[in-house]
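# Per-entry structural report
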Amino acid sequence: MQVLLPEGWPRPKGYANGVTVKGRQVYIAGMIGWDAQCVFHTDDFAEQVAQALRNIVEVLREAGGKPEHIVRVTWYVTDKREYLAAGREVGKAYREIIGSYNAAMTAVEVKALIEDRAKVEIEATAVIPD
């Protein structure tokens, strides 16, 4: 993966502005903070993020991929302030589960998610090298 950083732009913290890769593409649907049996174990924002990230890793593993193959992540959060307040814990969970990779990322606040108890939904795109 090559991180794209235009000349003169500051390096973003925790993500990349863009990346370029070659390989087999994997598209992972939005994952929320419930387990494989569709059970929520917490209403804590950062803990829901951690579970959603673990779910992404499990789906990616089915394709033969690893967290370092993730090139794009989109976050849908129901409360921007809660997301920002949990930033330290979210960053820790991301580093522990995904690593310190440079995926292109977008975060969007939404009115609601389909599952009422979900506070975050995260979708990912990965490219597994040939």
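Residues numbered from 1 in each chain as written. Predicted model: local features only at pLDDT ≥ 70, side-chain atom pairs only at ≥ 80, totals over all residues. Heavy atoms only, no water.

The next point concerns the overall build of the protein. Broken down by element type, the protein carries three helices and six strands. The N-to-C order of helical and strand elements in the protein reads β-β-β-α-β-α-α-β-β. Computed over the C-alpha atoms, the radius of gyration of the protein is 15 Å, within 12% of the 14 Å expected from 2.2 N^0.38 for a compact globule of 130 residues. Dimensions of the protein along its principal axes, counting C-alpha atoms only, are 40 × 35 × 25 Å. (Helix = DSSP H or I, 4+ residues; strand = E, 2+ residues; numbered from the N terminus. Rg over C-alpha atoms; globule rule 2.2 N^0.38 Å.)

The strand order across the open sheet formed by four strands is E3-E6-E4-E5, and the pairing between neighbours is mixed. Each edge of the open sheet carries a strand with a single partner, namely strand E3 (24-31) and strand E5 (104-109). For this sheet the average axis-to-axis angle between neighbouring strands, irrespective of direction, equals 10°. By the bridge criterion, seven bridges tie strand E4 (residues 70-77) to strand E6 (residues 120-128) in an arrangement that is antiparallel. Bridge pairing links isoleucine 70 to alanine 126 in E6. (Pairing = 2+ DSSP bridges. Axes fitted to C-alpha atoms, helices over the stretch in contact; angles between N-to-C directions.)

You can see valine 21 is positioned in the loop between strand E2 (18-20) and E3. Residues valine 21 and proline 129, spaced 108 residues apart in sequence, show a C-alpha to C-alpha distance of 8.0 Å.

Within the structure shown, the criterion is met by four salt bridges. Arginine 117 is the salt-bridge partner of aspartate 43, the closest N and O atoms lying 2.6 Å from each other. Residue aspartate 43 is located in the loop between E3 and helix H1 (45-62), and its partner arginine 117 is located in the loop between E5 and E6; the two are separated by 74 residues in the primary sequence. On the accessibility criterion, aspartate 43 (40% relative accessible area) is partly exposed. A relative accessible area of 39% means that arginine 117 is categorised as partly exposed. (Salt bridge = Lys/Arg side-chain N within 4 Å of Asp/Glu carboxyl O. Buried < 20%, exposed > 50% of the residue type's maximum accessible area, 1.4 Å probe, protein only.)

Just distances and angles here, no functional claims.
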